[in-house]
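A look at the structure
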Amino acid sequence: MQFNASLRASVFAAPMALAFALATQLVGASTSHAAECPGDNGGLSLPKGFCATIFADNIGHARQMVVAPDGTLYVNTWSGVYYKNNDLPAGGFIVALKDTKGAGKSDLVKRFGETQAEGGKGGTGVYLYKNYVYAEINDRIVRYPLKDGEIAPEGKGETVVSGIPITGDHPMHPFIIDANGALFVSMGSATNTCEIKNRMPHSKGNDPCTEQETRAGVWKYDANKLDQKFSPAERYATGIRNGEGFDFDKSGKLYITQHGRDQLREDWPELYTAQQGFDLPAEEVVELKNGGDYGWPRCYFDGFQQKLVLAPEYGGDGGKKVEGCADKLGPVAFFPAHWAPNDMKIYKATAFPEPYRDGMFIAFHGSWNRAPGPQGGYNVVYQPFADGKATGKYIVFADGFAGAHKDPGSAPHRPSGLAVAPDGALFISDDVAGRVWRVTYVGDPNSKDLDAAPEIKAVASGDKNVLPPEGIHPDAGAASLPVPPGGTADQVALGKKIFDGEVADATCAGCHGAGGVGSPVGADLTAGTWLWSDGSLEGLTKTIVEGVETPKAHAGAMPPKGGVELTGDQVKAVAAYVWAIGHAKK
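The paragraphs below set out a description of the structure included in this document. All values reported here derive from a predicted model rather than from experimental measurement.

**Brief notes about the nonpolar core**
With 30 residues, the main nonpolar core has F175, I177, L183, F184, F246 and L288 as its most contacted residues. Residues within four places of F184 in sequence aside, it is in contact with P174, F175, I176, D178, V218, W219, K220, Y236, F246, F248 and L254. Ranked by size, the runner-up nonpolar core spans 24 residues in total, among them F50, A349, A351 and F361.

**Considering the state of the cysteines**
Under the defined criterion, the tally for this structure stands at three disulfides. Paired through a disulfide, C194 and C209 show a sulfur-sulfur distance of 2.0 Å. Taking the torsion about the sulfur-sulfur bond, which here is approximately 105°, the covalent link between C194 and C209 counts as right-handed. Here C194 is found in the loop between β11 (182-187) and β12 (217-222), whereas its partner C209 is found in the loop between β11 and β12, with 15 residues between them in sequence. Under the relative-accessibility criterion, C209 is labelled buried at 11%. One disulfide bridge connects C299 with C325, the sulfur atoms lying 2.1 Å from each other. One disulfide, between C299 and C325, carries an S-S torsion of -95° and so falls in the left-handed class. Note that C299 is positioned in strand β18 (residues 299-302) and C325 in the loop between β19 (307-310) and β20 (333-335), a separation of 26 residues in sequence. Here C299 and C325 have matching classes, each one buried. Counting only the cysteines that form disulfides, in the order they appear in the protein chain, gives the pairing 1-2, 3-4, 5-6.

**Remarks on the side chain of T72**
Counting through the fold element by element, T72 comes out in the loop between β2 (62-67) and β3 (73-77). The class for T72 is buried, based on a relative accessible area of 0%. Ignoring anything within four residues of it in the chain, the contact list for T72 reads V66, V67, A96, L97, K98 and I151.

Reading the values: the criteria
Residues numbered from 1 in each chain as written. Predicted model: local features only at pLDDT ≥ 70, side-chain atom pairs only at ≥ 80, totals over all residues. Heavy atoms only, no water. Core = buried A, V, L, I, M, F, W, Y, C linked by side-chain atoms within 4.5 Å. Buried < 20%, exposed > 50% of the residue type's maximum accessible area, 1.4 Å probe, protein only. Contact = heavy atoms within 4.5 Å. Disulfide = S-S within 2.5 Å. Helix = DSSP H or I, 4+ residues; strand = E, 2+ residues; numbered from the N terminus.

On their own, these measurements won't tell you what the molecule is for.
Printed below as a string of structure tokens:
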């Protein structure tokens, strides 16, 4: 489902950007006709006239990026609780990448900043201001002096802000700096919606939500000052559950994306259908205003009604009540639920044709909680935008990151960061495999088309060379799994269907990934490591029934029965399947 935002509700631009792009990308074609892309676009699907190269690969969990005037790309990488932190590249978490040969890929890679051995865990935010690279690392924002001609800073980092909160559901801190040095930092919420018991069914919201004193908003600091300390006093705006993608438009207005809340259906099944659960609430882009309140946790944005409505934790009735929400600030553009907008850049360059100028490119990391419906996002969209509002329907600009089947546990790539180069090229980062793509335009510079990328279609069941049997038939693979003591093969087969959301609207695979292989919010159940029981059928059944309110080694809490209504036999079947995948031969 796609929302039509028009009906419903400091990047560098080089003057010779178009000439540069054509000179370096066109091969045997005139400047008025599209050329063939030299490769396979690094696996991406793009609109006609656009080509992509793999600019860098395997650099770590690549998050946000920024490009220097000389074309050097700086990428912040992260080693947080969302990742299996094995085989991290040696060196610091900030990566400097440069293409010195004009080949469309980096041949110079330098890492700097704190290393893992020094206690570093990286971060998301990164920006350039004056002669410094600013970056998030752990609970701080630091800056590294950049000398003329230097690709990677050699000096030690200086602390700009320290003591930033890193607990709870959203420990990342994207930021942006304006021309005067105002440093705007996002502090994501520690909870889903400020519940007394986070993510647990029927838990009321804290009232007042004291969490907002230090979370769920944007804080403002001075990028020119060192050793500033985080405190509630610097809060600039509130009610933003998890702001990630910042950018200024040409007039200087600042915008930020917002991740909408989760678990309306799971926590309040008497108020929301399964369909409403994965269709609500909309993801948002809002204009950031001093003192603005954007509604969280009391309100969420309903994209169908095009308004903020009262959350059930605060007395909401499934979308009718709006008490206290009418005076909150709504979005300037909105998108399907749970797509996770991790970054946004307003295209102020000129290398792309006119329809792509001044609009928003948004990187959607992809959902985990649209189950039992299909997961969504895992793409980059373009939203036409002008004069502070959406001017048309968005298009999917880049797709193919997750392959033919979108799933948080098995996606080989997930878009996370965006950056626009001085020559107008668009960089896209991936925080799974650490890949960075460089997208350029080689088509007709006078084109007025705004075409979506060709759709990535699931592979037909007759193609035996691409998908394994478990990807073709829902029962395939279950028969080969071991059967737990006291269980049956029929239980394992039923448990797989429930786990995958085919039965009872269950959401297991949404958190734990298809096949239980794990995701950024759910543990890997195939590892055979059990933290809440002895791993027996009885122990697993007890854990599923009781839920996991405070995980020991993972970020995502699990409501009892995964937040849906399961019968006793269905719970036993899920437990049998979980036991089976945990004991299957590797």
